[in-house]
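Survey of secondary and tertiary structure
Here's the letter readout for the chains.
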Amino acid sequence: MPARARDRTGRLARVDVLRFSVGEAALVRVPYVDVLVDAVVVGLTADDVAANDWARPTWAEGEQVRVGAAVWIIQSEGRRIVVDPAQAADAILRTAPDAAFHQQAVADALTAAGFPRESIDTVIASHIDGIGMIAWLDDGGWRPFFPNAEIILSERELAAIADGGPYEPQGREAILELDLLGAVRAVGDEHVVTSEVGTTWVGAHSPGHLLVDVTSDGEHATMIGHLALSPLHCVTTAAGPHMDAPGASEVLRGLGDGKRILVGPLWPAPGAARWHDSDVETVAPDPVSG
């Protein structure tokens, strides 16, 4: 599906929007930018990249790893559910004086793709690692980026953030401000969004890290948050930057059944794969109609 968004010069640029069917539900990836970074940024080494030819060119190039900033949308039972929108890039996307440009550009990309931010019902944050496009910066304050959506966050994550203790992720002040506005819904370890979509607390990466599961007509997808910053983490001993690295690896291994679609919000296009043992298979999106 082609969409268009404005670049920094104001010109319209083509954006590839990807859709993945999961039974009667669907996952839609609206991209903002994919970039190459040094492997160490995502907790890998150049050797990890070099040892996995299958990762090139989709997930890596040379000794670098490709990462993406995107907005993932779940369509389920008439609802539009955003998951982890463009997080972990606050140092680039949410820093003045460019924050206003980036947030408007993401909003334009969503509108061009047929998902204006006012049409979103729910936002799920697997955890807080930057506020990303969960919040809109306006006149020095934060308000919801998706004005008609509740923001779902694990009560464990919110409590750890509000505690003022050692857990101080990027985006802390913004999410607390949104909470004061009544925009945040803190949920327990199991939460049902629709009959096809639910969240499960696993921790490990952060105190309140959630998995988001989509199950419909015998098909299954799991949005894994930051348990694997790159698909390369599925087949290397490098765990990535986690609060509990062994725990994160154990949870991740449990998802490698080779059947379910795994979606990483930081993975570049297409952003989805199936994994079993050492085999990581890129998932092709639905064919573009018309």
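Overview of the structure. Nothing here was measured: the structure is a model prediction, and the numbers come from that model.

Cut-off values and rules
- Residues numbered from 1 in each chain as written.
- Predicted model: local features only at pLDDT ≥ 70, side-chain atom pairs only at ≥ 80, totals over all residues.
- Heavy atoms only, no water.
- Helix = DSSP H or I, 4+ residues; strand = E, 2+ residues; numbered from the N terminus.
- Buried < 20%, exposed > 50% of the residue type's maximum accessible area, 1.4 Å probe, protein only.
- Areas by Shrake-Rupley, 256 points an atom, 1.4 Å probe, with all protein chains shown as cover.
- Lys, Arg positive; Asp, Glu negative; His and termini not counted.
- Charge placed at Lys NZ, Arg CZ, Asp CG, Glu CD.
- Pairing = 2+ DSSP bridges.
- Axes fitted to C-alpha atoms, helices over the stretch in contact; angles between N-to-C directions.
- Salt bridge = Lys/Arg side-chain N within 4 Å of Asp/Glu carboxyl O.
- 1 Å grid on protein atoms, 1.4 Å probe; cavity = no way out; pocket = protein on both sides within 12 Å on 5 of 7 lines; lining within 4 Å.
- Points joined across faces, edges and corners; volume = space filled by probe spheres on them.
- Nonpolar A, V, L, I, M, F, W, Y, C, P; charged D, E, K, R; others polar.

As for the overall build of the protein
Along the backbone of the protein there are six helices and 19 strands. A total of 290 residues make up the protein; the buried ones form 54% of that total. Total accessible area computed for the protein in this model is approximately 12200 Å², and 50% of it derives from carbon and sulfur atoms. Taking the average place of the 21 positive charges on the side chains of the protein and the average place of its 41 negative ones, the gap between the two points comes to 7 Å.

Quick notes on the sheet that holds strand β15 (residues 210–216)
In spatial order, the strands read β13-β14-β15-β16-β17-β18-β19; together these seven strands make up an open sheet with mixed pairing. Strands with a single pairing partner mark the edges of an open sheet, and in this sheet they are β13 (190–192) and β19 (279–282). Geometrically, the sheet is characterised by an average inter-axis angle of 25 degrees between neighbouring strands, direction not taken into account.

Let's talk about the pattern of salt bridges
For the structure shown, the criterion picks out nine salt bridges. Linking Arg29 and Asp34 is a salt bridge whose minimum nitrogen-to-oxygen distance equals 3.1 Å. A salt bridge links Asp53 to Arg56; the shortest N-O distance between them is 2.2 Å. For Asp53, a relative accessible area of 56% translates into the label exposed. A relative accessible area of 28% means that Arg56 is categorised as partly exposed. The network of salt bridges with common partners includes Asp213, Asp257 and Arg260.

A closer look at empty space enclosed by the protein
Under the criterion given, the structure shown has one cavity of 30 Å³ or more. The computed volume of the largest cavity comes to approximately 30 Å³. The wall of the largest cavity is formed by Gly68, Ala69, Ala70, Asp84, Ala86, Gln87, His226, Pro265 and Leu266. For the lining of the largest cavity, the per-class residue count stands at five nonpolar, three polar and one charged.

Considerations on the layout of surface pockets
What the largest pocket holds in volume is close to 500 Å³. For the largest pocket, the lining is made up of 21 residues, of which Val41, Val67, Ala88, Ala89 and Leu266 are closest to its centre. Listed by contribution, the elements that provide at least two residues to the lining of the largest pocket are β4 (25–38), β6 (64–76) and α2 (90–93). The element that contributes the greatest number of residues to the lining of the largest pocket is α2, accounting for four residues. Along the lines of polarity and charge, the residues of the lining of the largest pocket split into 15 nonpolar, four polar and two charged.

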